[in-house]
Amino acid sequence: MKPAPFEFIGCRDTAQALALLAAGDGRAWPCGGTQSLGPMLNLRLAQPSQLIDLSRIEALREVSLNDDMLRIGAAVTHARIEDGELPDVTRGLLPAVAGGIAYRAVRNRGTIGGSLAHADPAADWVSTMRLLDARLLLLAAAGERRVGAAQFFVGPLGTVIRHDELLAAVEVPRFSAGARWAYRKLCRKPGEFAQAIAGCWVDPARGVMRAVLGAPDRMPHVVDGQPAVDALRHSRGVARVLDEIGITEAYARELHTAMLRRALADLDAFGT
Amino acid sequence: MTLISLHVNGRDRRAEAEGRCSLADHLREQLGLTGTHLGCEHGVCGACTVQIDGAPARSCITFAAACEGRPIRTIEGFDDDPLMARLREAFSAEHALQCGYCTPGMLITAHDIVRRLPWADEARIRFELAGNLCRCTGYRGIVRAIQRVLAEAGHAA
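Calculation rules
Residues numbered from 1 in each chain as written. Chains lettered and ligands numbered in written order. Predicted model: local features only at pLDDT ≥ 70, side-chain atom pairs only at ≥ 80, totals over all residues. Helix = DSSP H or I, 4+ residues; strand = E, 2+ residues; numbered from the N terminus. Rg over C-alpha atoms; globule rule 2.2 N^0.38 Å. Buried ≥ 20, exposed ≤ 12 C-beta atoms within 10 Å, placed from the backbone. Contact = placed C-beta atoms within 7 Å. Nonpolar A, V, L, I, M, F, W, Y, C, P; charged D, E, K, R; others polar. Domains from an automatic or database assignment. Expected span 1.5 Å × (residues − 1). Pairing = 2+ DSSP bridges. Axes fitted to C-alpha atoms, helices over the stretch in contact; angles between N-to-C directions. Arc of directions from axis to C-beta. Parallel < 35°, antiparallel > 145°, perpendicular 65-115°, else oblique. Left-handed = near helix turned anticlockwise from the far one by under 90°.

Another aspect to go through is the overall build of chain B. Summing up its helical and strand segments, chain B has 5 helices and 5 strands in all. In chain B, the succession of helices and strands from N to C terminus is β-β-α-β-β-β-α-α-α-α. Its C-alpha atoms give chain B a radius of gyration of 15 Å, near enough to 15 Å, the size a compact globule of 157 residues would have. The dimensions of chain B, computed from C-alpha atoms along their principal axes, are 45 × 30 × 20 Å. Looking at chain B residue by residue over its 157 residues, the buried ones come to 48%. Relative to all contacts within chain B whose residues are 6 or more apart in sequence, the contacts with residues 24 or more apart total 59%.

This is how it looks when you write it as structure tokens:
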């Protein structure tokens, strides 16, 4: 299908984009590479009156590193992360996740900010940023604010981004030398939306032991702290978490259980 | 309508486009380049794959206006490309096409596999091809064609 009519405006800088977004009063939508929004537009599930293209704004394509975190500009593509163009602060987690997103032709255009702002629960970056407790940098004409991933997502396809704001960057914590991670997802065909996602991050020097469960129809569920994560190694512990999340269907429970089991096995074997 | 300038297959091409016009529709309807095919129109089937800035991309979920000033290469732009010539021969020899609908996108993806992943084995080729659907061949011929080109000594990777 073809999208309903809209005006497409390519922006040079964030000031221009913010002015357009503010004037658009909720009918102007920011976009990156349109790899998530494009299908929604073509299916007429989304019908904005303007698209404000952020993908060519140089400031949003930048990456910077400090002692504690890596800031990834919202318009950085999945392919750039997959190809190792960014400093590797996650011991290979970010490139591994990026390389599993959709297909190469999609990763060449799709951006990390676009994916996070779209907030599809099955999207890899959504589960990954919850796992890492990343911070999202939001820009408005009045100034900027930082929001933790736990607060950023309000539900499937919902975030706290206001209509006059844009997602400028995501800040990912630097892993310590002894950190370990695992990331597993189940797709019937590579590149499809995942039916179940399980991720783990253990970083003793940062005091982190965390797991995330991602599902296609609800936002990711985070399991935090050693006792809670250890409990996932036993079927009763997994069952309790799935009950808590509200995943009741037997088949879905099996998929999540299997992904968790594989992720924990990968975690134990990390670096060996 | 906005005047869009693209650098298509080595030539500057200007034409009007609505904001909602996909790159694929722009190439086909305004520029007459009908080698780019539209299948699913939501980024899954891969028939519309072209090169933007030298890298494969979906022209059905990329808007023409987003490509202002960019280099675009469609299947018609590979006539004189030596690697694509080898891929075309291999596709023919290995029965890597039947109806031909997926073929332009398949060839552009295959070109990317050979250039970016010259070490790719069968499993990796199949993984990379997950984004291009073929309903005729069962993929065996396509995989073999790419393997054949990869195996040829001295390919221009």
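This brings us to the interface of chain B and chain A. Of the residues lining the interface, 24 residues belong to chain B; the matching set on chain A comes to 26 residues. At the level of elements, β4 (55–58), α3 (103–116) and α4 (122–128) of chain B are the ones that each hand at least two residues to the side of chain B that touches chain A. If one sorts the elements of the side of chain B that touches chain A by residue count, β4(B) sits on top with 4 residues. Class assignment for the residues of the side of chain B that touches chain A results in 9 nonpolar, 8 polar and 7 charged.

This brings us to the domain arrangement of chain B. One widely used convention gives an interface's size as the accessible area the parts lose upon coming together. All names here are of chain B. Under the domain assignment used here, chain B contains domain 1 (2–75) and domain 2 (80–151). Computed over C-alpha atoms only, the centres of domain 1 and domain 2 are separated by 22 Å. Taken together, the 12 residues of domain 1 in the interface contact 11 residues of domain 2. For the side of domain 1 that touches domain 2, the leading source of residues is strand β3 (residues 49–52), giving 3 residues.

All names here are of chain A. Checked against the element boundaries, Glu-82 lands in helix α3 (residues 78–82). Overall, Glu-82 belongs to the buried group, with 20 C-beta atoms counted inside 10 Å. Residues Glu-82 and Arg-104, spaced 22 residues apart in sequence, show a C-alpha to C-alpha distance of 9.6 Å.

Here the focus is the domain arrangement of chain A. When cut into domains, chain A gives domain 1 (7–53), domain 2 (58–173) and domain 3 (180–269). Each of domain 1 of chain A and domain 3 of chain A has a C-alpha centre, and these two points are 34 Å apart.

As a further point, take unusual backbone geometry. All names here are of chain A. The phi dihedral of Asp-25 falls on the positive side, at around 50°, and the residue is not glycine. Residue position: Asp-25 is located in the loop between α1 (14–24) and β2 (28–31). You can call Asp-25 exposed: it has 10 C-beta atoms within 10 Å. For Thr-34, which is not glycine, the phi dihedral falls at a positive 55°. When you line up the elements, Thr-34 lands in the loop between β2 and α2 (37–42).

A word on helix α5 (residues 140–151) of chain B. All names here are of chain B. Taking 1.5 Å as the rise per residue, α5 with 12 residues should run 16 Å; its terminal C-alpha atoms sit 16 Å apart, in good agreement. Those residues of α5 lying buried are Gly-141, Ile-142, Val-143, Ala-145, Ile-146 and Val-149. Where α5 is buried, its residues contact α2 (82–93), α3 and α4.

Moving on, we come to the sheet that holds strand β1 (residues 2–8) of chain B. Residue and element names in this part refer to chain B. Sheet architecture is open: 5 strands sit in the order β2-β1-β5-β3-β4, paired in mixed fashion. The sheet is open, and its two borders are formed by β2 (11–17) and β4, each paired with just one other strand. Averaged over all adjacent pairs, the angle separating strand axes in this sheet is 45°, with direction ignored. Packed onto the sheet, α3 meets β3 and β4 and runs at close to 50° relative to β3.

The subject of this paragraph is the environment of A:Arg107. All names here are of chain A. If you trace the backbone, Arg-107 turns up in helix α5 (residues 104–107). Residue classification places Arg-107 among the buried residues on the basis of 27 C-beta atoms within 10 Å. Spatially, the C-alpha atom of Arg-107 lies 14 Å from that of Ala-74, the residues being 33 residues apart in sequence. Residues contacting Arg-107, with those up to four places away along its chain left out, are Thr-77, His-78, Ala-79, Glu-82, Ala-98, Ile-101 and Ala-102.

Residue and element names in this part refer to chain A. Read from one edge to the other, the open sheet built from 3 strands follows the order β1-β3-β2, with strand pairing classed as parallel. Single-partner strands in this sheet number two, and they are β1 (7–10) and β2. Neighbour-to-neighbour, the strand axes of this sheet turn through a mean angle of 25°, independent of strand direction.

Moving on: α2(B). Residue and element names in this part refer to chain B. Between its first and last C-alpha atoms α2 spans 17 Å; for 12 residues at 1.5 Å apiece the expected length is 16 Å, and the two agree. Restricting attention to buried positions, one finds in α2 the residues Leu-87, Arg-88, Ala-90 and Phe-91. Along the axis of α2, the buried residues cluster in a sector spanning 170°; they form a single face. With respect to the buried face of α2, the exposed residues turned more than 90 degrees away are Pro-82, Ala-85, Ser-92 and Ala-93. Among the structural elements, α3 and α5 are those in contact with the buried residues of α2. Downstream of α2 by a residue or two, His-95 has a phi angle that is positive, lying close to 55°.

To continue, consider the packing of α3(B) against α5(B). Residue and element names in this part refer to chain B. In the contact formed by α3 and α5, the axes pass within 10 Å of each other and the chain directions differ by 40°. Taken together, the axes of α3 and α5 are oblique relative to one another. Where α3 crosses over α5, the two elements pack in a sense that is right-handed. Residues Met-106, Ala-110, Ile-113 and Val-114 of α3 lie in contact with α5, whose contacting residues are Ile-142, Ile-146, Val-149 and Leu-150.

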